[in-house]
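Chains, contacts and geometry: an overview
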Amino acid sequence: MTGPVRAVLRKVLVAAFLVAVAVGAAVVVGGHGAEIAALLARPAARWSLVPALAALAAWLLLGVQTWRGVLASLGSRLGFAAGARICFAAIAGTYLPGPWWQALAAAHTGRQTGVPAGRVVAAYLLVAVVNLLSATAVGLLAAPLVLGASWPWLAVPLLLGAYVVWRPETVLRLTDRAARLLRRAPPADRPDPRGLRRALLVQTAAWLAGGLHLWLLAYALGAPPGPALAAGVGGYAFASAAGALVLVLPDGAGVRELVIIAALGPVLPVPAATVAAIGSRACLVVAELLCAGGLLVSAWRGRRGANPARPG
């Protein structure tokens, strides 16, 4: 296959991927116009939307820092813009069923920034572990509300995740297999446990910041502020972790909302908790679009500044 043909095929595949992501996002959000309208009908909810989007933006940007920290622990230190491109490529892949889309999108984007595909796949697996471990830890705030007397069972994934952070080389067996599937050499570098621990702290802060948006929505819908804080912050982290484990649904659609409704059940009636769960999903999609759009505009301006037009 010649170079021009390969380039055209690559552009077609990227375009098809973006269209599929748009369809997946529409499926996730679509069909809930009544709940979103009910949320917007409340004056308090309208005032809470801007800080809710700001909380989700903080969650996304701290997630970029998590990706950068994990990649740095593997030997690739990237600037914020390059790390953000890889992070948002993986986020786009969540709107397609199956975990491999995230890894492939991140690997393709990382290769454009000079990071080997095998190393990006290793980072993806380690980021997934960091995400699940930190989300489960923060989700303990709402675990008694969601799981009842069964919440101590969360100690099992917490201990497993802690072991992986302590001995991250155990993940590299999966990384080596993924690299072979991508026809790439397995990464020779081994992750630095100190870098992974720092990434774990950053991602924990990300869940705490991002969960504030659900607390704001619940409070605007009439929940008492004190109990709603633990239910909103912990419920959002726990719901995101549960949705990430359901690999056959785009971005855990349905599962994530059910867990949020269960977490908010003690502080809101079920109809209001449903409105909060759907509003949370809509706010998340908007925040992702705004952050990704801001990244694209910043990159476009950077290219224009780096290549000024010559005088006529």
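Throughout this document, residue positions are counted from 1 along each chain, in the order its sequence is written. Local features in this predicted model are restricted to residues whose pLDDT is 70 or higher, and side-chain atom pairs enter the listing and the counts only when it is 80 or higher, whereas totals over whole chains, interfaces and linings include all residues. Only hydrogens and water are set aside when side-chain values are computed; all heavy atoms of the structure are taken into account.

Points about the packing of helix α10 (residues 193–210) against helix α11 (residues 212–220)
- Structural elements are reduced to axes, namely lines fitted to C-alpha atoms, with helices fitted over the stretch in contact, and the angle between N-to-C directions of any two is expressed from 0 to 180 degrees. Strands here mean DSSP runs of E at least two residues long; helices mean DSSP runs of H or I at least four residues long; both are numbered from the N terminus. Remark: α10 packs on α11, axes separated minimally by 4 Å, with the N-to-C direction vectors making an angle of 15°. By the angle between their axes, α10 is roughly parallel relative to α11. Seen from α10, the contacting residues are Leu208, Ala209 and Gly210; seen from α11, they are Leu212, His213 and Leu214.
- Polar here means any residue other than Ala, Val, Leu, Ile, Met, Phe, Trp, Tyr, Cys and Pro, which are nonpolar, and Asp, Glu, Lys and Arg, which are charged; Gly is therefore polar. Among the residues forming the contact of α10 with α11, the class breakdown is 4 nonpolar, 2 polar and no charged. Small angles under 35 degrees read as roughly parallel and large ones over 145 as roughly antiparallel, with 65 to 115 read as roughly perpendicular and the rest as oblique. Contacts between residues were defined by any pair of non-hydrogen atoms, one from each residue, lying within 4.5 Å.

A closer look at the side chain of Gln203
- In this structure, Gln203 sits in helix α10.
- Working definition: with a 1.4 Å probe on protein chains only, accessible area under 20% of the residue-type maximum means buried, over 50% means exposed, and in between means partly exposed. Given a relative accessible area of 3%, Gln203 falls into the buried group.
- Among all residues touching Gln203, those that are not within four sequence positions of it are Trp59, Leu62, Gly63, Thr66, Val130, Asn131 and Ser134.

Focus on the nonpolar core
- Definition of nonpolar core: a set of buried residues of the types Ala, Val, Leu, Ile, Met, Phe, Trp, Tyr and Cys, connected through side-chain atoms within 4.5 Å. Core analysis: the largest hydrophobic core is formed by 65 residues, its most contacted members being Trp59, Trp67, Phe88, Leu264 and Leu268.
- At 11 residues, helix α6 (residues 117–139) tops the list of elements feeding residues into this core.
- With residues up to four places along the chain from it excluded, the contact list for Trp59 reads Gln203, Ala206, Trp207, Gly210, Tyr236 and Leu284.

Examining the confidence of the model for the protein
- When the pLDDT values of the protein are averaged, the result is 76; 63% of them are 70 or greater.
- Each residue gets a pLDDT score, which is the predictor's confidence in that residue and runs from 0 to 100. Model confidence for the protein, summarised as mean pLDDT per element, is weakest for helix α1 (residues 3–29) at 51 and strongest for α11 at 91.
- Overall, residues 306–312 carries pLDDT values under 50, and its contacts beyond four positions in sequence, including any with other chains, amount to 0 contacts.

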